[in-house]
Amino acid sequence: MEAKPENLQQLKDKVAVVTGGSRGIGKATALALAAEGANVVVNYASSSTAADDVVKTIQEMGGEAVAVQADVSNAEQVDALVKATTEKWGKIDVWVNNAGITRDTLLLRMKPQDWQAVIDLNLTGVFLCTRAVSKLMLKKKTGRIINIASVAGQMGNPGQANYSAAKAGVIGFTKTVAKELASRGVTVNAVAPGFIETDMTEGLAAEEILKAIPLGRYGKAEEVAGLIRFLAADPAAAYITGQTFNVDGGMVMA
Ligand code: NAP
């Protein structure tokens, strides 16, 4: 991804944290925010080499980035991620709740631990991160929080009772928190991707899925990152809050 000349960058001097920034949509988001001039924290759980590669790419673009390991389903590690960011750059302007996992299986085969692992990261993790960062944003009376939901949370998807419950939860959470934080200049929005080419969707039965996508193809991580970049931009997206935007090739049409 090419960086823009500095005077055209919409996130110059902003600080952005992308949870799960080492791979997939998070990686594309980290690169897109950096291309707009943001200093980026690339959070990851275990892929330190992949996270370091994202940082290196941003530095080669002339940007600034740092990789920070933290399991965002753990409150103490979330606090440490916030602290590492503020120690490095003194503030947080944009927070992208992107980290997510799947543990797909049909309801009757779903073990409580399959349910819990997905809820812990995909829903509780969003709560823990949003609570931690909103404390800082409320004080500064400005900030952008962008939550990655999914079409599964809107239309359901067999084999994903845990995942669709978590993602529907993220959409409801986004609306409530948007209302709570709006008076202090903090916006909260959700992005609901359809099927995007990443490690998460590798090996899914493509033919069946493609029939349900009007545009007839999987999306690319960069196509989701483009919307996230817009929602982070100031003033372009300053008057948008509590919304869920689909990037799904037309799967969900409201
Ligand atoms: P992915 O390629 O599997 O990447 C997942 C990312 O999450 C990785 O960076 C991973 O870090 C990180 N992660 C996993 N567990 C974590 C934890 N406990 N703490 C912090 N980070 C953690 O996934 P993706 O397809 O890009 O998905 C990104 C987001 O989009 C997820 O919320 C997903 O539910 C959502 N989404 C994806 C699709 C799709 O079709 N791909 C569709 C709808 C929604 P490591 O590299 O260290 O493991």
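In what follows, the accompanying structure is described. Residue positions are given per chain, counting from 1 as you read along its sequence in written order. In keeping with the model being predicted, local features are shown solely for residues with a pLDDT of at least 70 and side-chain atom pairs are shown and tallied solely at 80 or more, while totals for entire chains, interfaces and linings include all residues. Side-chain calculation: all heavy atoms of the structure are included, whereas hydrogens and water are not.

Between the N-to-C directions of two axes lies an angle of 0 to 180 degrees, each axis being a line fitted to C-alpha atoms and, for a helix, fitted only over the stretch in contact. Here a helix means four or more residues in a row that DSSP labels H or I, a strand means two or more in a row labelled E, and each is numbered from the N terminus. At a closest axis distance of 9 Å, the pairing of helix H3 (residues 75–89) and helix H4 (residues 112–140) adopts a crossing angle of 35 degrees. Crossing angle aside, the handedness with which H3 passes H4 is right-handed. Of H4, the residues touching H3 (which contributes Ala75, Val78, Asp79, Val82 and Thr86) are Leu128, Cys129, Ala132 and Leu136. Here the term charged refers only to Asp, Glu, Lys and Arg, the term nonpolar to Ala, Val, Leu, Ile, Met, Phe, Trp, Tyr, Cys and Pro, and the term polar to all other amino acids, Gly among them. Across the contact of H3 with H4, the residue classes tally to seven nonpolar, one polar and one charged. If you view the pair so one helix is near and one far, a crossing is left-handed when the near helix is turned anticlockwise from the far one by less than a right angle, and right-handed when it is turned clockwise. Any pair of residues with heavy atoms lying within 4.5 Å of one another is described as a contacting pair.

Among the nonpolar cores identified, the biggest contains 35 residues, and Leu33, Val40, Ile58, Ile146, Val191 and Ile228 are the most heavily contacted of them. When contributions to this core are tallied by element, the ones reaching two or more residues are strand S1 (15–18), helix H1 (24–35), strand S2 (39–44), helix H2 (48–60), strand S4 (94–97), strand S5 (143–148) and helix H8 (221–232). What Ile146 contacts, discounting residues up to four positions off in sequence, is Val94, Trp95, Val96, Asn97, Asn189, Val191, Ile228, Leu231 and Ala232. The set of buried Ala, Val, Leu, Ile, Met, Phe, Trp, Tyr and Cys residues whose side-chain atoms join them within 4.5 Å is what this entry labels a nonpolar core. Whether a residue is buried, partly exposed or exposed follows from its accessible area with a 1.4 Å probe, protein chains only, as a fraction of its type maximum: under 20%, in between, or over 50%, in that order. Counting 32 residues, the second-largest nonpolar core is a separate cluster that includes Cys129, Val133, Met137 and Val186.

Right, let's get into the site of the ligand. Taken together, 31 residues are adjacent to the ligand, and Ser22, Ser46, Ser47, Tyr163 and Thr198 come closest. Computed by Shrake-Rupley with a 1.4 Å probe, the accessible areas treat only the displayed protein chains as cover when residues are assessed. Considering the ligand on its own, with 900 Å² of exposed area, one finds that the protein chains cover 94% of that surface. Elements with a minimum of two residues in the shell around the ligand: H1, S2 and helix H6 (161–181). Looking at the shell around the ligand residue by residue, the classes come out as 14 nonpolar, 13 polar and four charged. By convention in these notes, a residue is near a molecule or strand provided one of its non-hydrogen atoms lies within 4 Å of it.

Count 3.6 residues to each turn of an α-helix, and residues three or four apart come out pointing the same way. Helix span is expected to be 1.5 Å times the residue number reduced by one. Here H2 spans 18 Å end to end across 13 residues, near enough to the 18 Å set by a 1.5 Å rise per residue. What H2 keeps buried is the set Ala51, Val54, Val55 and Ile58. Seen along its axis, H2 keeps its buried residues to an arc of 95 degrees; they face one direction. The outward face of H2, more than 90 degrees from its buried face, is lined by the exposed residues Thr49 and Glu60. On its buried face, H2 is in contact with H1, S2 and strand S3 (65–69). Trailing H2 by a residue or two, Gly62 shows a phi angle of about 95 degrees, which is positive. It is the directions from the helix axis to the C-beta atoms that the arc portrays.

If you trace the backbone, Ser47 turns up in the loop between S2 and H2. With 27 residues separating them in the primary sequence, Ser47 and Gly20 have C-alpha atoms 9.5 Å apart. The residues touching Ser47, leaving out its near neighbours within four places in the chain, are Ser22 and Arg23.

With that settled, the discussion passes to the packing of aromatic side chains. Pairs of aromatic rings are described using the distance from one ring centre to the other and the angle between the two planes. When the centres of two rings from Phe, Tyr and Trp lie within 6.5 Å, Trp using its six-membered ring, the rings pair. Their planes under 30 degrees apart give stacked, over 60 give edge-to-face, and anything left gives tilted. Under the definition given, this model contains one aromatic pair. Consider the rings of Phe195 and Tyr218, whose centres lie 6.0 Å apart with planes at 40 degrees: the pair is tilted. Taken as a pair, Phe195 in the loop between strand S6 (186–193) and helix H7 (206–211) and Tyr218 in the loop between H7 and H8 lie far apart in primary sequence, 23 residues in all. Neither Phe195 nor Tyr218 differs from the other in exposure class; each is buried.

On their own, these measurements won't tell you what the molecule is for.
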